[in-house]
Amino acid sequence: MTDDRLNDGEALREEVIALRDEALRQDDFEWAVKLSHVVAWMAEAMQELKEQTHER
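This one's a predicted model, so the numbers in the text were calculated from it and none came from an experiment. (Residues numbered from 1 in each chain as written. Predicted model: local features only at pLDDT ≥ 70, side-chain atom pairs only at ≥ 80, totals over all residues. Heavy atoms only, no water.)

> Summarise the overall build of the protein; cite the residues concerned and give the values.
From N to C terminus, the protein includes two helices and zero strands. Taken against the 2.2 N^0.38 rule, which gives 10 Å for 56 residues, the C-alpha radius of gyration of the protein at 13 Å runs more than 25% over that of a compact globule. Its C-alpha atoms give the protein principal-axis dimensions of about 45 × 15 × 10 Å. Counting all 56 residues of the protein, 21% fall into the buried class. Summed over its atoms, the accessible surface of the protein is roughly 4500 Å², and 52% of this surface lies on carbon and sulfur atoms. In the protein, which carries 7 positive and 15 negative side-chain charges, the distance between the mean positions of the two groups comes to 1 Å. (Helix = DSSP H or I, 4+ residues; strand = E, 2+ residues; numbered from the N terminus. Rg over C-alpha atoms; globule rule 2.2 N^0.38 Å. Buried < 20%, exposed > 50% of the residue type's maximum accessible area, 1.4 Å probe, protein only. Areas by Shrake-Rupley, 256 points an atom, 1.4 Å probe, with all protein chains shown as cover. Lys, Arg positive; Asp, Glu negative; His and termini not counted. Charge placed at Lys NZ, Arg CZ, Asp CG, Glu CD.)

See the structure below:
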């Protein structure tokens, strides 16, 4: 189940990255920054999940 969660998380993160890139193309820097924060938070959360999985 954890692998599925990681795969789903990575797919969602890629979608958020695409939204951020689109915001940049449209010069919507406010949204691009907000989405960049979401991407960073998701990367942190996924790393923590990976570490917890390896500890078990």
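Next, the rest of the story.
> So what about the packing of aromatic side chains? Which residues, and what values?
Two descriptors summarise a pair of aromatic rings, namely the distance from one centre to the other and the angle between the planes of the rings. A full pass over the atoms with the stated rule returns zero aromatic pairs. Over the ring of Trp31 we find Lys34; its NZ or CZ atom is 5.2 Å from the centre of that ring. (Phe/Tyr/Trp six-rings, centres within 6.5 Å; stacked < 30°, edge-to-face > 60°. Lys NZ or Arg CZ within 6 Å of the ring centre and 35° of its normal.)

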